[in-house]
Amino acid sequence: EAGVAQSPRYKIIEKRQSVAFWCNPISGHATLYWYQQILGQGPKLLIQFQNNGVVDDSQLPKDRFSAERLKGVDSTLKIQPAKLEDSAVYLCASSWDRGESYEQYFGPGTRLTVT
Amino acid sequence: TQLLEQSPQFLSIQEGENLTVYCNSSSVFSSLQWYRQEPGEGPVLLVTVVTGGEVKKLKRLTFQFGDARKDSSLHITAAQTGDTGLYLCAGGNAGNMLTFGGGTRLMVKP
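Okay, so let's go over this structure. Just so you know, these numbers come straight off a predicted model, no measurement behind them.

Moving on, we come to the pairing of strand β3 (residues 19–24) of chain A. Residues and elements named next belong to chain A. Across the two faces of β3 the burial differs, with V19, F21 and C23 buried and A20, W22 and N24 not buried at all. Summarising the sheet, strand β1 (residues 5–7) and β3 pair through 3 bridges and their orientation is antiparallel. Within the sheet, the bridge partner assigned to S7 lies in β3 and is W22. In the sheet, β3 pairs with strand β8 (residues 75–79) via 5 bridges, with the strands oriented antiparallel. Paired with V19 across the strands is I79, a residue of β8.

Okay, the packing of aromatic side chains next. As enumerated under the stated definition, the model contains 9 aromatic pairs over all chains in all. Consider the rings of Y35 of chain A and F100 of chain B, whose centres lie 5.7 Å apart with planes at 85°: the pair is edge-to-face. With Y35 of chain A in strand β4 (residues 31–37) and F100 of chain B in strand β10 (residues 97–100), this pair bridges two chains. The exposure class of Y35 of chain A is buried, given its relative accessible area of 0%. When its relative accessible area of 9% is taken as the criterion, F100 of chain B is described as buried.

Residues and elements named next belong to chain A. An order of β1-β3-β8-β7 is seen for the 4 strands of this open sheet, with the pairing classed as antiparallel. Across the chains shown, the open sheet's two edge strands, defined by having one partner strand only, are β1 and β7 (65–68). Mean inter-strand twist for the sheet, computed between neighbouring axes without regard to direction, equals 15°.

What counts and how
- Residues numbered from 1 in each chain as written.
- Chains lettered and ligands numbered in written order.
- Predicted model: local features only at pLDDT ≥ 70, side-chain atom pairs only at ≥ 80, totals over all residues.
- Heavy atoms only, no water.
- Buried < 20%, exposed > 50% of the residue type's maximum accessible area, 1.4 Å probe, protein only.
- Helix = DSSP H or I, 4+ residues; strand = E, 2+ residues; numbered from the N terminus.
- Pairing = 2+ DSSP bridges.
- Phe/Tyr/Trp six-rings, centres within 6.5 Å; stacked < 30°, edge-to-face > 60°.
- Axes fitted to C-alpha atoms, helices over the stretch in contact; angles between N-to-C directions.

As structure tokens, then:
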């Protein structure tokens, strides 16, 4: 079974530029998550989708971050404009459903460096 | 806001030694998960504990959930170099929303 795919793996941009990350979850997984992991810290949930609807985006900085999952499969996370403090690894995860018994499977992440 | 604190943040030990990592919170979680993360990869689930006082063993790893479901510990017996990595605890609540701790970076030297 293929795992969660993310691209690109690495991205370097200057502050105030825009960037987009792509995630393809495990086939059949209804729930998709985006996390931000700053160096030396644990992942922080940014947004959770159930199929193509947003379940929780309370920790998403909506003035600059946006995310969509239009067809309930793959998802994109965008930052516009980027700030230095956005430098982090952006992890995508998916699970069969929202219940706690459903394991979250993580992708390898996209490492973003903002200069 | 629910917070999880892990200690120690860094641990460097010799192969064969035992170690314990702690995960503490002032909040109650309905489940507690432990992950291991290698450089350049996403976290991989090791275990989920859901009942207060629950103990689970995974080969040389022993996981315990506190009676009040606010804390947890991970004990590794006879550590091996392959155990090197970042260990993360995560508290779970309704809707599979996870709150992660800051992680414990373990280095096992040969």
